[in-house]
Amino acid sequence: MVDATLLVRHLESNETIPLRDVHAAMESNNLLVLGLLREVVTRHSSRIFPKPDWMECRRAIVTYLLLCVEQKPELDEYVLSPYLAMHDLLGMLRHWQLQPGEEQTLVPETLERLRQLYLRGSAETQLCIENGFLEHFLEDRNNLSLLDRWKTDPQTATAIEESLKWSEGT
């Protein structure tokens, strides 16, 4: 297991970042470690050697963002608030939707992970997902077709209905 101190040292140096440290960080449930990992793979990716599996890195970032929503952490330079995490997740999904190929497969996978978090989450978590993600995701009505599993579950269907009302301005 890697600790936050090692990742901070990697960020502060200009040296190569060993892939083994990236993999060790991916195994962590510590939000600070995952937040630092996000920084490493998004801003210092050229220094990671050997090169990581970028899909695996993207999934680790999704895990981090969902944990920020679920755990409502103490904020830190590398730990996001739940609403900022939803904002970042929304941006990532929008980007992946525009990419040809493999990245597009992350969209339904991530939406399902978000749905599972919604179903097991507290009322506060559910509200964050509705307000911080769904309302903005559904501003583009084409995205409604990506939420078929959400529409078939009464609990998540209600979230979609409420989010659509907001995005329509009613």
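A quick note: this is a predicted structure, and the numbers were derived from the prediction, not measured. (Residues numbered from 1 in each chain as written. Predicted model: local features only at pLDDT ≥ 70, side-chain atom pairs only at ≥ 80, totals over all residues. Heavy atoms only, no water.)

Undergrad: Help me out: how do you make sense of the environment of Lys 165 in this one?
TA: Summarising the element assignment, Lys 165 is placed in helix α9 (residues 154-168). Overall, Lys 165 belongs to the partly exposed group, its relative accessible area being 40%. With 159 residues separating them in the primary sequence, Lys 165 and Leu 6 have C-alpha atoms 46 Å apart. (Helix = DSSP H or I, 4+ residues; strand = E, 2+ residues; numbered from the N terminus. Buried < 20%, exposed > 50% of the residue type's maximum accessible area, 1.4 Å probe, protein only.)

Undergrad: It is not clear to me how the pattern of salt bridges should be interpreted in this structure. Could you clarify?
TA: Pairing is possible between side chains of opposite charge, provided their charged atoms come close. Summed over all chains, the structure comprises ten salt bridges. A salt bridge links Glu 109 to Arg 59; the nearest nitrogen and oxygen atoms lie 2.6 Å apart. Taken as a pair, Glu 109 in helix α6 (residues 106-120) and Arg 59 in helix α4 (residues 54-71) lie far apart in primary sequence, 50 residues in all. On the basis of relative accessibility, which here comes to 27%, the residue Glu 109 falls in the partly exposed class. (Salt bridge = Lys/Arg side-chain N within 4 Å of Asp/Glu carboxyl O.)

Undergrad: Would you take a moment to explain the nonpolar core for this structure?
TA: Here is a general trend for soluble globular proteins: nonpolar side chains tend to be buried in one another's company. If you look at the biggest cluster of nonpolar residues, it comprises 55 residues, and the most contacted ones within it are Val 22, Met 86, Leu 89, Ile 129, Phe 133 and Trp 150. Counting only elements with at least two residues in this core, the list comes to α1 (4-12), α2 (19-26), α3 (31-43), α4, α5 (82-98), α6, α7 (123-137) and α9. No other element matches α4, which puts eleven residues into this core. Apart from the residues within four sequence positions on either side, Leu 89 is in contact with Val 62, Leu 65, Leu 66, Thr 110, Leu 114 and Phe 133. (Core = buried A, V, L, I, M, F, W, Y, C linked by side-chain atoms within 4.5 Å. Contact = heavy atoms within 4.5 Å.)

Undergrad: What's the story with the packing of α5 against α7 in this structure? I'm lost.
TA: Axes are the key here: two packed helices are described by the angle between their axes and the distance separating the axes. Contact geometry of α5 with α7 gives a least axis separation of 9 Å together with a crossing angle of 30°. One way to sum up the angle between α5 and α7 is to call them roughly parallel. Two packed elements cross with a definite hand, and for α5 against α7 that hand is right-handed. In contact with Pro 82, Tyr 83, Met 86, His 87, Leu 89, Leu 90, Leu 93, Arg 94 and Gln 97 of α5, α7 contributes Leu 127, Cys 128, Ile 129, Asn 131, Gly 132, Phe 133, His 136 and Phe 137. Of the residues that constitute the contact of α5 with α7, the class distribution is eleven nonpolar, five polar and one charged. (Axes fitted to C-alpha atoms, helices over the stretch in contact; angles between N-to-C directions. Parallel < 35°, antiparallel > 145°, perpendicular 65-115°, else oblique. Left-handed = near helix turned anticlockwise from the far one by under 90°. Nonpolar A, V, L, I, M, F, W, Y, C, P; charged D, E, K, R; others polar.)

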